[in-house]
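# Reading the structure
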Protein chains: 2
Amino acid sequence: MTRMGRAGHLTVMLLALPLACAGARAQSDPLAAWNDGPAKQSILAFVKSVTDKTAATYVAPEGRIATFDQDGTLWVEHPAYAQAMFGLDRVHALASAHPEWKQEAPFNAIIEDNREAITKFSEADWEKVVAATHAGMSTDAFREIVRQWLATATHPRFHRPYTELVYEPMREVMDFLRASGFKVYIVTGGGQEFVRAYAERVYGLPPEQVIGSSILTKYQQQDGKPVLMREPNIFFIDDQGGKPVGINLFIGKRPYAAFGNSTGDREMLEWTQAGAGPRLEMLVLHDDPSREYAYGPARALPDTRVGTFPAALDDEAKHKGWTVISMKNDWKQIFAFEGPSGSSQPKP
Amino acid sequence: MTRMGRAGHLTVMLLALPLACAGARAQSDPLAAWNDGPAKQSILAFVKSVTDKTAATYVAPEGRIATFDQDGTLWVEHPAYAQAMFGLDRVHALASAHPEWKQEAPFNAIIEDNREAITKFSEADWEKVVAATHAGMSTDAFREIVRQWLATATHPRFHRPYTELVYEPMREVMDFLRASGFKVYIVTGGGQEFVRAYAERVYGLPPEQVIGSSILTKYQQQDGKPVLMREPNIFFIDDQGGKPVGINLFIGKRPYAAFGNSTGDREMLEWTQAGAGPRLEMLVLHDDPSREYAYGPARALPDTRVGTFPAALDDEAKHKGWTVISMKNDWKQIFAFEGPSGSSQPKP
């Protein structure tokens with residue numbers, strides 16, 4: 001191609017570009033995995049209200065903060081939190097170095113794979129598991145252990161890595177909010193370092209945008225190099241009232257939008273709603289036993305420790321004007337691996 | 001002016017713009033308040049090394065983190081931290097509501113303005129002052145109290161608001177780093193909420209880029225509205241080993257550049273230096289009694305609680321290759337209110 005020819009070609013492309021873009025814009029739906037309905041509409045209306053410069057509800061970009069719970073809101077939390085499964089797997093991996101665990105609860109139940117005992121673990125039992133599996137190494141070493149586990153562990157029902165069990169409609173909301181000038185945070189009751197180990201890869205969220213529970217960390221010298229050592233003591237619980245506290249501690253601004261699915265998220269939604277101007281509060285309801293799970297008010301599974309969205313929270317949501325997202329009715333597609341679906345019906 | 005005339009004028013301006021900008025660029029020095037010398041050169045060389053895409057030392061923008069101590073590094077900390085002055089002023093303001101303080105240490109010393117006693121306050125005394133003046137209100141109310149105090153309080157020597165006592169050369173470094181793709185954080189031993197009350201206005205830093213010490217905060221309902229109540233108990237001390245811990249907690253990335261001035265910053269500089277690739281560690285030495293103060297190795301003032309840059313740290317800096325910034329020799333201008341100075345000599 002001659003120089004002139006190339007330049008001419010470029011001119012044609014440039015002239016064609018605005019039209020092509022306009023076409024793409026008209027066709028693309030930022031929430032394509034959602035069925036039309038009040039949930040989808042409330043997201044679209046909220047984003048319009050905060051980004052429309054001519055509206056009294058306009059919010060400057062630096063104020064646009066959105067917070068997402070993780071387990072049960074962004075990805076599958078049944079039959080157990082991924083982090084709990086990690087803890088159990090780590091006990092197995094470490095068992096040979098701890099022969100005393102064969103006679104010591106709660107470790108003996110895990111080693112014997114006694115599932116009935118495990119489902120009955122108390123808070124104190126889980127704290128022992130966390131102390132044995134999440135502490136005693138540097139933060140760098142811990143992230144590497146988590147990364148290696150995620151690369152091989154699979155979910156017992158879906159037989160896929162946990163990181164593939166992200167809800168596609170929620171990822172769309174995250175992307176749509178970011179494209180609309182929002183700064184998006186995960187605010188999880190789960191471990192901050194655990195989630196940071198994959199949040200960048202899975203959600204495009206850098207570590208400073210992941211707020212979670214944490215254990216005490218101490219600065220130490222090890223072989224002449226400084227390390228941050230993880231100690232077997234709780235530092236901060238980012239759950240229930242801890243969520244607004246964590247949001248203030250890490251961000252220092254009140255969210256305009258908050259997404260949760262359990263009583264652990266109630267205070268985050270209250271705190272969001274109590275701010276002036278347009279605010280969006282949403283709760284994911286797990287009511288789709290065929291494509292995912294049903295628990296809480298749409299109970300198909302016995303209530304376990306995870307996923308506590310009791311009927312009372314459902315009532316409270318209606319009373320306060322929070323939007324409940326029905327997985328069954330509002331989500332056209334649940335997981336990316338399903339591929340886009342034209343049907344709004346759950347698979348049999 | 002006719003439409004044509006205006007358009008013609010605009011065209012001339014637009015045509016002239018690239019030339020004017022090129023001229024401005026060639027003339028502008030991002031570190032104009034610095035004298036030429038090893039400190040200025042080390043900053044320029046560091047920024048070049050991390051931003052030059054052709055160099056092996058190149059750092060992608062998402063990794064470019066810089067952390068600044070505040071008191072004594074970004075602004076004046078003598079004769080006392082601004083936050084300590086705030087605490088003393090608050091005790092006076094609250095004294096009429098606390099008649100019992102007249103007989104109660106350490107409050108009686110403050111009410112009687114017994115400066116000798118105040119300079120001898122123990123850590124426990126200061127904790128009582130903090131508990132009485134920094135807790136018992138919501139986070140929103142506290143920020144407002146700080147804002148009001150800053151609007152009226154003045155420094156005893158410079159007779160200007162504390163927020164005007166920011167070191168212009170350090171503000172230039174902050175701006176230069178930001179313009180070079182860095183995300184800049186304050187990492188202070190001082191109170192996180194205290195600094196957030198002015199960090200946006202003074203440094204252009206949003207609250208999420210201010211990491212500091214904090215007291216316990218509790219989520220509560222007050223008159224039917226949720227509030228975050230500040231409790232009179234320490235939650236996190238962001239000093240010494242707490243600085244790398246806080247950096248990991250809030251940012252989750254290791255800084256490439258860190259700036260301090262005291263033993264409270266040693267671990268932050270160590271942690272920064274221990275990372276791979278190009279790193280910059282700098283310590284501000286207060287050796288200019290005429291324009292600011294001299295303490296530490298350049299002692300002109302008796303050592304007090306603040307500003308502990310002992311001779312040992314000076315030795316350590318030399319040994320480890322950290323760059324010491326001499327206020328006297330490296331800074332052409334110290335404060336913005338002085339106006340640009342052509343002289344590198346301190347005023348008599």
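Residues numbered from 1 in each chain as written. Chains lettered and ligands numbered in written order. Predicted model: local features only at pLDDT ≥ 70, side-chain atom pairs only at ≥ 80, totals over all residues. Heavy atoms only, no water.

### What to know about the overall build of chain A
Within chain A, the secondary structure is distributed over 13 helices and seven strands. Taking all 348 residues of chain A together, 54% fall into the buried category. Counted over contacts in chain A with a minimum sequence separation of 6, partners at least 24 positions apart contribute 64%. (Helix = DSSP H or I, 4+ residues; strand = E, 2+ residues; numbered from the N terminus. Buried < 20%, exposed > 50% of the residue type's maximum accessible area, 1.4 Å probe, protein only. Contact = heavy atoms within 4.5 Å.)

### Regarding the side chain of Arg-64 of chain B
The residue Arg-64 of chain B is located in the loop between α2 (38-51) and β1 (65-68) in this model. Ignoring sequence-local partners within four residues, the contact set of Arg-64 of chain B consists of Val-50, Thr-51, Tyr-58, Val-59, Ser-180, Gly-181, Phe-182 and Lys-183 of chain B.

### Here's the deal with the environment of Leu-280 of chain B
Residue and element names in this part refer to chain B. Among the structural elements, Leu-280 can be located in strand β6 (residues 280-285). Of the residues examined, Leu-280 reaches a relative accessible area of 6% and is grouped as buried. For the pair Leu-280 and Arg-143, spaced 137 residues apart in sequence, the C-alpha separation works out to 33 Å. The residues touching Leu-280, leaving out its near neighbours within four places in the chain, are Ser-42, Ile-43, Phe-46, Tyr-256, Ala-257, Ala-258, Phe-259 and Thr-272.

### Section: the pairing of strand β5 (residues 257-260) of chain A
Residue and element names in this part refer to chain A. Of the two faces of β5, the one lined by Ala-257 and Phe-259 and the one lined by Ala-258 and Gly-260 are each fully buried. Bridge count between strand β1 (residues 65-68) and β5: three bridges; the pairing is parallel. Within β5, the position partnered with Thr-67 by the bridge is Ala-258. Where β5 lies against strand β6 (residues 280-285), four bridges are found, and the strand directions are parallel. The partner of Phe-259 across the bridge, within β6, is Met-282. Taken together, β5, helix α11 (residues 266-273) and β6 constitute a β-α-β crossover, and its handedness is right-handed. (Pairing = 2+ DSSP bridges. Right-handed = clockwise from strand over helix to strand, strands pointing away.)

### Brief notes about the interface of chain A and chain B
Much of the literature gives interface size as the accessible area that the parts lose upon coming together. Contacts between the two partners involve 36 residues from chain A and, on the opposite side, 36 residues from chain B. Summing the contributions of chain A and of chain B, the shared interface buries around 2,900 Å²; its carbon and sulfur component is 57%. Taken as a group, Glu-208, Tyr-219 and Leu-249 of chain A account for 21% of the area that chain A buries against chain B, more than any other trio of residues on that side. Taken together, chain A and chain B are joined by four salt bridges. A salt bridge links Glu-208 of chain A to Lys-253 of chain B; the shortest N-O distance between them is 3.3 Å. For the interface between chain A and chain B, the tally reads 20 residue pairs in polar contact (both at pLDDT 80 or more). Elements that contribute at least two residues to the side of chain A that touches chain B include exactly α7 (139-152), β2 (183-191), α9 (192-203), β3 (210-222), β4 (225-236), α10 (242-250) and α11 of chain A. When residues in the side of chain A that touches chain B are grouped by element, the largest group, six residues, is from β4 of chain A. (Buried area = accessible area lost by both parts, 1.4 Å probe. Salt bridge = Lys/Arg side-chain N within 4 Å of Asp/Glu carboxyl O. Polar contact = N/O pair within 3.5 Å; in protein donor to acceptor, adjacent residues only side chain to side chain.)

### Here we look at the pairing of β1 of chain B
Residue and element names in this part refer to chain B. Because side chains alternate across β1, one face comprises the buried residues Ile-65 and Thr-67, and the other comprises Ala-66 and Phe-68, equally buried. For β1 and strand β2 (residues 183-191), the ladder comprises four bridges, and the chain directions are parallel. Looking across to β2, one finds that Phe-68 is bridged to Ile-186.

### Focus on α11 of chain A
Note that an α-helix has 3.6 residues per turn; residues three or four places apart therefore point the same way. Burial analysis of α11 of chain A places six of its eight residues in the buried class, which makes it a mostly covered element. Of the positions making up α11 of chain A, those classed as buried are Glu-267, Met-268, Leu-269, Glu-270, Trp-271 and Thr-272 of chain A.

### Focus on the confidence of the model for chain A
All names here are of chain A. Mean pLDDT over chain A: 89, with 86% of residues reaching 70 or higher. Confidence over residues 342-348 falls short of pLDDT 50; this stretch has ten contacts with residues more than four positions distant or in other chains. Here the predicted complex scores 0.89 on pTM and 0.88 on ipTM. (pLDDT = per-residue confidence, 0-100.)

### A short note on the relation of the copies chain A and chain B
Taken as rigid bodies, chain A and chain B are interconverted by a rotation of 180 degrees and an axial shift of 0.0 Å, the fit giving an RMSD of 0.0 Å. Here the two chains are linked by the operation of a two-fold rotation axis. In terms of C-alpha distance to the rotation axis, chain A has Phe-250 of chain A as its closest residue, with the C-alpha 3.2 Å off the axis. In this assembly, 100% of the residues forming the interface of chain A have copies in chain B that are likewise at the interface, indicating an isologous arrangement. (Least-squares fit on C-alpha atoms with pLDDT ≥ 70 in both.)

### Concerning the environment of Met-327 of chain B
All names here are of chain B. Turning to its location among the elements, Met-327 is positioned in helix α13 (residues 327-330). A residue is classified by how much of its surface remains accessible, and Met-327, at 0% relative accessible area, is buried. In sequence terms Met-327 and Ala-294 are 33 residues apart; their C-alpha atoms lie 9.3 Å from each other. Contacts of Met-327, omitting those with residues within four sequence positions, involve Tyr-167, Val-284, Leu-285, His-286, Asp-287, Asp-288, Arg-291, Glu-292 and Ile-334.

### Brief notes about the packing of helix α10 (residues 242-250) of chain B against helix α11 (residues 266-273) of chain B
Residue and element names in this part refer to chain B. Their axes nearest at 7 Å, the elements α10 and α11 cross at an angle of 55 degrees. Classified by the interaxial angle, the pair formed by α10 and α11 is oblique. Residues Lys-243, Pro-244 and Ile-247 of α10 touch α11, and the partners they reach there are Glu-267, Met-268 and Trp-271. Grouping the amino acids of the contact of α10 with α11 by side-chain chemistry returns four nonpolar, no polar and two charged. (Axes fitted to C-alpha atoms, helices over the stretch in contact; angles between N-to-C directions. Parallel < 35°, antiparallel > 145°, perpendicular 65-115°, else oblique. Nonpolar A, V, L, I, M, F, W, Y, C, P; charged D, E, K, R; others polar.)

### Points about the environment of Asp-125 of chain A
Residues and elements named next belong to chain A. Along the chain, Asp-125 turns up in helix α6 (residues 123-134). Given a relative accessible area of 19%, Asp-125 falls into the buried group. For the pair Asp-125 and Gly-190, spaced 65 residues apart in the sequence, the C-alpha separation amounts to 16 Å. Here the side chain of Asp-125 touches Ser-122 through a polar contact of 3.0 Å, landing on its backbone nitrogen.

### A short note on the packing of aromatic side chains
By the definition in use, this model includes 38 aromatic pairs over all chains. Judged by centre distance (5.9 Å) and plane angle (80 degrees), the ring pair of Trp-34 of chain B and Trp-331 of chain B falls under edge-to-face. With a gap of 297 residues between them, Trp-34 of chain B in the loop between α1 (3-27) and α2 and Trp-331 of chain B in the segment after α13 connect regions that are remote in the sequence. The two residues Trp-34 of chain B and Trp-331 of chain B agree in class, both being buried. One aromatic cluster is present, formed by Trp-34, Phe-158, Tyr-167, Tyr-293, Trp-331, Phe-335 and Phe-337 of chain A through successive ring pairs. A cation over an aromatic ring shows up here: Arg-279 of chain A above the ring of Tyr-256 of chain A, its NZ or CZ 3.7 Å from the ring centre. One cation-aromatic arrangement involves Arg-230 of chain B over Phe-142 of chain B; the distance from NZ or CZ to the ring centre is 3.9 Å. (Phe/Tyr/Trp six-rings, centres within 6.5 Å; stacked < 30°, edge-to-face > 60°. Lys NZ or Arg CZ within 6 Å of the ring centre and 35° of its normal.)

### Observations regarding the sheet that holds strand β7 (residues 323-326) of chain B
Residues and elements named next belong to chain B. If you trace the seven strands from one edge of the open sheet to the other, you get β4-β3-β2-β1-β5-β6-β7, paired in mixed fashion. The outermost strands of the open sheet, each flanked by one partner alone, are β4 (225-236) and β7. Each adjacent strand pair in this sheet contributes to an overall mean axis angle of 30 degrees, direction not counted.

### A word on unusual backbone geometry
A cis geometry characterises the amide bond from His-78 of chain B onward to Pro-79 of chain B, with omega recorded as 0 degrees. Looking at the secondary structure, you find Pro-79 of chain B in the loop between β1 and α3 (82-94). A cis amide bond links Ala-105 of chain B with the next residue in sequence, Pro-106 of chain B, at an omega value of 0 degrees. Checked against the element boundaries, Pro-106 of chain B lands in the loop between α3 and α4 (107-111). Of note in this structure, Gln-240 of chain A is not a glycine but carries a positive phi near 50 degrees. When you line up the elements, Gln-240 of chain A lands in the loop between β4 and α10. Phi angles above zero are rare outside glycine, and Asp-113 of chain B is one such case at about 55 degrees. Tracing the backbone shows Asp-113 of chain B in the loop between α4 and α5 (115-119). Given the relative accessible area of 42%, Asp-113 of chain B is considered partly exposed.

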